[in-house]
Amino acid sequence: MYDVAIIGAGVTGCAIARELAKYRLSTCVIEREEDVCCGTSKANSAIIHAGYDAHPGSLKAKLNVEGNRLMDGLAQDLDIPFRRNGSLVVMTRDNDPDVLHRLYEQGQANGVPGLRILDQEEARQMEPKLSEDVIAALYAPTGGIICPFELTMGLAENASANGVDFFFNAPVASVERVSFPSSSQSSQNENHIAAPFFLIKGKAPSLRFEPSGSANSSNSQTASDPDLRLDSDGSFSIHARLLVNAAGLYADLINNQLSSRRLHIVPRRGQYQLLDKSAGGHVDKTIFQAPSKMGKGVLVAPTVHGNLLVGPTAEDIDNKEGVNTTGEGLSYLAETASRSVAEIPFREVITSFAGLRAHEDGGDFVLGPCEDVPGLYNASGIESPGLSSAPAIGRMIADQIAEACKAQIKSDFCPVRRRVTDMGQMDLADRNMKIAENPAYGRIICRCESVSEGQILEAIHRPLGARSLDAVKRRTRAGMGRCQAGFCSPKVMEILERELALAPDRVTKHGPGSEIVCGENKKI
Ligand SMILES: Cc1cc2nc3c(=O)[nH]c(=O)nc-3n(C[C@H](O)[C@H](O)[C@H](O)COP(=O)(O)OP(=O)(O)OC[C@H]3O[C@@H](n4cnc5c(N)ncnc54)[C@H](O)[C@@H]3O)c2cc1C
Ligand SMILES: O=P(O)(O)OC[C@H](O)CO
Ligand code: FES
């Protein structure tokens, strides 16, 4: 029986897992996808917000500012690309003239440091490509940009290295609070009433169990593991004393199985255009427009890897899987972005994508113990600024759980994790030394992003290692370049086949059901 089970391996679940790993508690994370960071955490604006957007007194306001403050230390410990590039909210003649003052006052109340309102000239000096229509701007020096994949994976890998188990390809179908011994408990317990616990069930024919700290672990689960029961049809059940609901868009479905305090989460789609690195220097700061009831509006921002990002739209839709882009949405972006930034080189678009905000009807994060279900902790309704707030959400939930269980701090928690070697960040001498040590670092697999075979091997053979093309991409950037994997995909597939002893038709893009080839069509 685990002390704590967390449903969801997005940035929220992984941040909570890492904080819980600081305590003497047995913890697992259960994720329906094949990897961490497959939900909203992988498709967003990647901004670490300063914290002036949310209403004073809200959880969003408090945790955004605290998360922002914690980010430098976390990025250093977990080796996450993060840059405080600062942000501007620009005002044009069409906007309500009070908008910047309102945001400024809100920021002051939330405790955001260094906010300043700039006139037209100062704003343009800071960002020469601002549109002619911009007449003033709110400057926030603590705004930042981050790699959301590395943030989520760094938290997860570090949690794993410190004792947290992960289950992948494990969609939870039902959760139940049980207050009697179940048949799966040991016979010693049969004659007395056990403390209530959560019974978490699902069907996972290809469940992948990653016990803590396991590098190179095989894909087979351990049927003998006392915390997990797996039947021949792939049904699994996991027992835990406490349950954390960090299931993103599906957190309402998990909560509503247990609590009469219903949640309702609407997917609010945000579409983006991502431009090539040749356009990455078009702006330096993150350029926001005036916010609306639907969100912070369309931004133009550099990414930590040197691309330019334009988006998102904000459309409420019915489909929790509706991550498609639309012609209408993408045209809206081009038209709207030009109100704040001039001459955006849209010819340099290399891809478009969409993410879904988990918008809860109440409008704020839903965090902490659920009033009518002892042992259930919600981390639900985590829309923006969820990425920025993740370090603070992790601390808040873990502290609440540790206090409730009177859990002791572990003395051997190691806060440090290193990401896959980034050859691009090395000088020539270091690069040559690395290649001399291991020639695989000299074999370039992804030309656009200069990713070597050595880096891909590292991505596969590390705790919570990559098992698919997209998982390799998130860890190394192989496939994220200008050709969008046209050249490097077959090569990465070959490496996955070889290293994981997979038949070619078992290599997937993003887990079971996304196999890339279906067989041979010609003998060579
Ligand atoms: C368009 C857009 C732009 C954004 N921009 C920013 C930004 O710039 N800055 C910022 O701070 N925030 C931003 N956000 C918000 C931020 O991305 C989210 O708040 C954050 O990623 C939410 O993380 P999460 O872990 O709660 O959810 P997710 O990342 O969605 O993780 C939930 C996980 O639960 C899993 N799951 C669901 N149901 C089950 C089940 N039944 N069984 C097992 N697993 C399950 C899912 O597969 C998923 O992996 C943005 C969001 C969007 C959509
Ligand atoms: O549109 P929002 O308010 O959900 O914010 C999304 C990002 O944080 C900024 O683009
Ligand atoms: S070669 Fe990998 S993205 Fe182009």
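What you are looking at is a predicted structure, and each value in this text was computed from that prediction instead of being measured.

Draft legend 1. Examining the site of ligand 1 more closely. Taken together, 38 residues lie around ligand 1, and Thr-12, Glu-31, Ser-41, Ile-382 and Ser-388 are the ones closest in. Contacts to ligand 1 include Glu-31, whose side-chain N or O atom sits 2.6 Å from an oxygen atom. Separating an oxygen atom of ligand 1 from a backbone N or O atom of Thr-40 is a distance of 3.0 Å. Considering ligand 1 on its own, with 1,000 Å² of exposed area, one finds that the protein chains cover 97% of that surface. Within the residue set of the shell around ligand 1, elements represented by two or more residues are helix 1 (11–20), strand 15 (265–275), strand 20 (349–360) and helix 8 (386–405).

Draft legend 2. Structural context of the pattern of salt bridges. Inspection of the entire model under this criterion finds 36 salt bridges. When the shortest N-O distance is used, the salt bridge between Glu-19 and Lys-22 registers 3.1 Å. Residue Glu-19 is classed as buried on the basis of its relative accessible area of 9%. Put simply, Glu-34, Asp-35, Arg-474 and Arg-475 are held in one network by salt bridges that share partners.

Draft legend 3. The arrangement of the packing of helix 10 (residues 453–460) against helix 12 (residues 489–500) in detail. Contact geometry for helix 10 and helix 12: axes closest at 11 Å, N-to-C directions at 50°. In terms of axis orientation, helix 10 runs oblique to helix 12. The handedness of the crossing between helix 10 and helix 12 comes out as right-handed. Where helix 10 abuts helix 12, its residues Glu-453, Ile-456, Leu-457 and Ile-460 lie against Val-492, Ile-495, Leu-496, Arg-498, Glu-499 and Leu-500. Partitioning the contact of helix 10 with helix 12 into residue classes produces seven nonpolar, no polar and three charged.

Draft legend 4. Up close: the pairing of strand 2 (residues 27–30). Going residue by residue along strand 2, you find Thr-27 and Val-29 tucked away on one face and Cys-28 and Ile-30 tucked away on the opposite face as well. In terms of strand pairing, strand 1 (residues 2–7) meets strand 2 through four bridges, oriented parallel. The partner of Ile-6 across the bridge, within strand 2, is Val-29. Crossover strand 1 to strand 2 through helix 1 is right-handed. Pairing geometry for strand 2 and strand 9 (residues 165–168), over three bridges, is parallel. Following the sheet pairing, Cys-28 is matched in strand 9 by Asp-165.

Draft legend 5. Layout of unusual backbone geometry. That bond from Gly-311 to Pro-312 is cis: its omega, -5°, falls within 30 degrees of zero. When you line up the elements, Pro-312 lands in the loop between strand 18 (308–311) and strand 19 (315–316). For the peptide bond that leads from Ser-384 to Pro-385, omega is 10°, which places it in the cis range. Along the chain, Pro-385 turns up in the loop between strand 22 (376–380) and helix 8.

Draft legend 6. Expanded view of the pairing of strand 17 (residues 299–302). In strand 17, alternate side chains face the same way, and those of Leu-299 and Ala-301 on one face and Val-300 and Pro-302 on the other are all buried. Taken together, the four bridges between strand 17 and strand 18 define a ladder with antiparallel strand orientation. Bridged to Pro-302 within strand 18 is Leu-308.

Draft legend 7. Local environment of the side chain of Asn-110. By the element assignment, Asn-110 lies in helix 3 (residues 99–110). Judged by relative accessible area, Asn-110 falls into the buried class, the value being 12%. Side-chain polar atoms of Asn-110 contact the backbone oxygen of Gly-51, separated by 2.9 Å. The residues touching Asn-110, leaving out its near neighbours within four places in the chain, are Gly-51, Tyr-52, Ala-54, His-55, Pro-56, Ala-61 and Val-65.

Basis of the calculations
Residues numbered from 1 in each chain as written. Chains lettered and ligands numbered in written order. Predicted model: local features only at pLDDT ≥ 70, side-chain atom pairs only at ≥ 80, totals over all residues. Heavy atoms only, no water. Near = heavy atom within 4 Å. Polar contact = N/O pair within 3.5 Å; in protein donor to acceptor, adjacent residues only side chain to side chain. Areas by Shrake-Rupley, 256 points an atom, 1.4 Å probe, with all protein chains shown as cover. Helix = DSSP H or I, 4+ residues; strand = E, 2+ residues; numbered from the N terminus. Salt bridge = Lys/Arg side-chain N within 4 Å of Asp/Glu carboxyl O. Buried < 20%, exposed > 50% of the residue type's maximum accessible area, 1.4 Å probe, protein only. Axes fitted to C-alpha atoms, helices over the stretch in contact; angles between N-to-C directions. Parallel < 35°, antiparallel > 145°, perpendicular 65-115°, else oblique. Left-handed = near helix turned anticlockwise from the far one by under 90°. Contact = heavy atoms within 4.5 Å. Nonpolar A, V, L, I, M, F, W, Y, C, P; charged D, E, K, R; others polar. Pairing = 2+ DSSP bridges. Right-handed = clockwise from strand over helix to strand, strands pointing away.

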